[in-house]
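So you can see what is in the structure, the chains are spelled out below.
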Amino acid sequence: MNAETVSKLQTIIRFDTTNPPGNELPLALYLETAFRDEGIDTTLFKPAENRAVLIGRIPGNGKKRPAILLAHMDVVGVERQRWSVDPFAGEIRDGYLYGRGAIDDKGMLAANLMTMLLLKRALAEGGKQLSRDVVFLATSDEEAGGEWGMGWLIKHHPELLDAEFALNEGGRTRIIEGGQRYLAVQSAEKVSHVVTVTAHGSAGHAAIPLPDNAIYRLGRALEALSRYAEPVMLTEITRKFFAQLAEVWPRDAEKQAMVDLVSTDPKRTAAGASVISLIPVFNAVLRNGISPTVLEGGQQFNVIPASAGAVLNVRTLPGHSIDKVVNRLRAIVLEPGVTIEITHRGEEAPASDPGSEMFTAIAASAREIDPAMAVVPYLSTGVTDSARLRRLGVKAYGVLPFPMLQSDEERMHGHDERVPLESLHFGTRLVHGAIERIAR
């Protein structure tokens, strides 16, 4: 199985599906052929030219509702000159398989493909039926919002997404100090919004400085925002995440801070939060997040503009109002002539139950491979197609099933993206084991 998984991931990486433009159709046709060669039924949609959505289905006896294995085929762009290898060659070096998408999300695509093939072969040998349909879903355009992928499928064929569970990207399998590993299973997501800060002032010739210069006003407004942080607000998911992660965390001070954070004593909670907030990846799940991302203003070096603006990406915790966040920001920014407005509202999705049959199957599969592995529910700060499925009533869970150091994980969307070969095999076994358990 291991050699076949590596070979298939290499082939998948060699399809350049950089989005834009995506061009996922050739990859979908390859996957379609791989399924048909094994007798797995497929349905191929073409939402737009050279875009594709592929569905493969292994039927069960109908005792339980279907489970979906989801991954996207498109990848983000590359700066080739900054890579040490060809990003679309699938090169193996020093125990790593390199390539754009090796982590996000073609590694998952290969694990899902192998899971389907292994299930089909086992059924052919044993003659037993599955208790539910297992549905493979490969989408386009996820990296650009999903209009030609999951969004298109929901709009045109929502009946094909009638399922009890889905397994998708979105979690983490992290190797920490001392070699301990934990699997964070995404069970909920933050909601992404766009907020615009606009400063207004007098326009004029740059030769005559003006006290109400819009750019200075914007700078003072942003400086005020840089000193502000939303209050700590634990959800059911984040409370369980920190409580369970504390059991395996290697650094004593942070371990104690996690325990304090989830205590019922407000003073201990505040003390724990002050420590955990210093770790950016943990701080981001403790509170609503505010990140300036775009600056706009001025067109010519000798003209003072009448306005200048900044775009903020605000990510709210589930159940929290973006309007209330913006009201708090307005109270912080006292600079005259500055407005703060919501320009795009994200859509919230319900959390998936961390006590469900699917979550239990993921945990059991992980611990079969590594009995010492901690498995914790996770609120992700990123946005995935799982949110769309949760809004349809599907209990969706996200994993990055390949154990990695944070330094390797940070290559996602970066240079020399790679997956350790041993981690690829671990992840494939994890996905296959979880699906096998819920489809028996």
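**Student:** Tell me about the overall build of the chain, and please be specific about residues and values.
**Tutor:** Counting its secondary structure elements, the chain contains 14 helices and 18 strands. In terms of overall size, the chain behaves like a compact globule, its C-alpha atoms giving a radius of gyration of 24 Å where 440 residues would be expected to give roughly 22 Å. Buried residues in the chain amount to 53% of all 440 residues. For the chain, restricting intrachain contacts to residue pairs at least 6 apart in sequence, the fraction spanning at least 24 positions comes to 76%. Of the roughly 18,700 Å² that the chain leaves accessible, carbon and sulfur atoms contribute 52%. Looking at the chain, you have 48 positive and 54 negative side-chain charges, and the mean spots of the two groups are 4 Å apart.

**Student:** Give me the nonpolar core: which residues, what numbers.
**Tutor:** In terms of nonpolar packing, the biggest core is built from 63 residues, with Leu31, Leu109, Phe136, Leu167, Leu183 and Ile362 touching the most fellow members. It is helix 3 (residues 106–126) that contributes the most residues to this core, ten residues altogether. Residues contacting leucine 109, with those up to four places away along its chain left out, are Ile12, Leu27, Leu31, Ala71, Met73, Phe136 and Ala138. Core analysis: the next-biggest nonpolar cluster, separate from the first, contains 27 residues, Ala188, Leu245, Ala257 and Phe282 among them.

**Student:** So, the pairing of strand 6 (residues 134–139): which residues are in play, and what are the values?
**Tutor:** Working note: regular strand, side chains alternate between the two faces of the sheet. Counting buried positions along strand 6 yields six of six residues, so the element is predominantly enclosed. Burial along strand 6 is two-sided: the residues Val134, Phe136 and Ala138 and Val135, Leu137 and Thr139 are all buried. Inspection of the sheet shows strand 3 (residues 67–72) paired to strand 6 by six bridges, in the parallel sense. Its bridge partner being in strand 6, alanine 67 is matched across the sheet by valine 134.

**Student:** Outline the environment of proline 66, supporting the account with residue identities and numerical values.
**Tutor:** For proline 66, the location among the structural elements is in the loop between strand 2 (53–58) and strand 3. Judged by relative accessible area, which is 15%, proline 66 ranks as buried. With 65 residues separating them in the primary sequence, proline 66 and serine 131 have C-alpha atoms 8.8 Å apart. Discounting chain neighbours no more than four positions away, the residues touching proline 66 are Arg57, Arg132, Asp133, Val135, Asp162, Ala163, Glu164 and Phe165.

**Student:** Give a description of the sheet that holds strand 15 (residues 338–344) that names residues and reports values.
**Tutor:** With antiparallel pairing, the four strands of this open sheet are ordered in space as 12-14-10-15. The open sheet has two edge strands, strand 12 (289–297) and strand 15, and neither has a second partner. Across the sheet, the mean angle from the axis of one strand to that of its neighbour is 25°, orientation sign disregarded. Examined bridge by bridge, strand 10 (residues 191–200) and strand 15 share six bridges and lie antiparallel to one another. Counterpart to valine 194 in the pairing with strand 15 is histidine 344. Running at roughly 20° to strand 14 (residues 307–316), helix 5 (residues 214–226) makes contact with strand 10, strand 12, strand 14 and strand 15 of the sheet. Contacting strand 10, strand 12, strand 14 and strand 15, helix 10 (residues 322–332) runs over the sheet at an angle of about 165° to strand 15.

**Student:** Account for unusual backbone geometry, naming residues and giving values.
**Tutor:** Cis geometry is found at the peptide bond from asparagine 19 to proline 20, where omega equals 0°. Across the junction of aspartate 104 and aspartate 105, the peptide omega takes the value 5°, indicating a cis bond. Relative to the helices and strands, aspartate 105 resides in the loop between strand 5 (96–98) and helix 3. Residue histidine 413 is not a glycine yet carries a positive backbone phi of 70°. Summarising the element assignment, histidine 413 is placed in the loop between helix 13 (406–409) and strand 18 (418–420).

**Student:** Explain the packing of aromatic side chains to me, using residue names and the numbers behind them.
**Tutor:** The final tally for this structure, using the stated rule, is eleven aromatic pairs. Ring centres of phenylalanine 241 and tyrosine 378 lie 5.7 Å apart, and the angle between their planes is 45°; this geometry places the pair in the tilted category. Taken together, the residues span a long stretch of sequence, with phenylalanine 241 in helix 6 (residues 236–245) and tyrosine 378 in strand 16 (residues 374–380) at a distance of 137 residues. We note that phenylalanine 241, like tyrosine 378, is buried. Residues phenylalanine 359 and tyrosine 397 carry aromatic rings whose centres are separated by 6.2 Å and whose planes lie at 70° to one another, so their mutual orientation is edge-to-face. Here phenylalanine 359, found in helix 11 (residues 357–369), pairs with tyrosine 397, found in strand 17 (residues 395–398); they are 38 residues apart in sequence, far enough to count as distant. Overall, phenylalanine 359 belongs to the buried group, its relative accessible area being 7%.

Conventions we followed
- Residues numbered from 1 in each chain as written.
- Predicted model: local features only at pLDDT ≥ 70, side-chain atom pairs only at ≥ 80, totals over all residues.
- Heavy atoms only, no water.
- Helix = DSSP H or I, 4+ residues; strand = E, 2+ residues; numbered from the N terminus.
- Rg over C-alpha atoms; globule rule 2.2 N^0.38 Å.
- Buried < 20%, exposed > 50% of the residue type's maximum accessible area, 1.4 Å probe, protein only.
- Contact = heavy atoms within 4.5 Å.
- Areas by Shrake-Rupley, 256 points an atom, 1.4 Å probe, with all protein chains shown as cover.
- Lys, Arg positive; Asp, Glu negative; His and termini not counted.
- Charge placed at Lys NZ, Arg CZ, Asp CG, Glu CD.
- Core = buried A, V, L, I, M, F, W, Y, C linked by side-chain atoms within 4.5 Å.
- Pairing = 2+ DSSP bridges.
- Axes fitted to C-alpha atoms, helices over the stretch in contact; angles between N-to-C directions.
- Phe/Tyr/Trp six-rings, centres within 6.5 Å; stacked < 30°, edge-to-face > 60°.

Remember, this is a structural readout, not a statement about activity or role.
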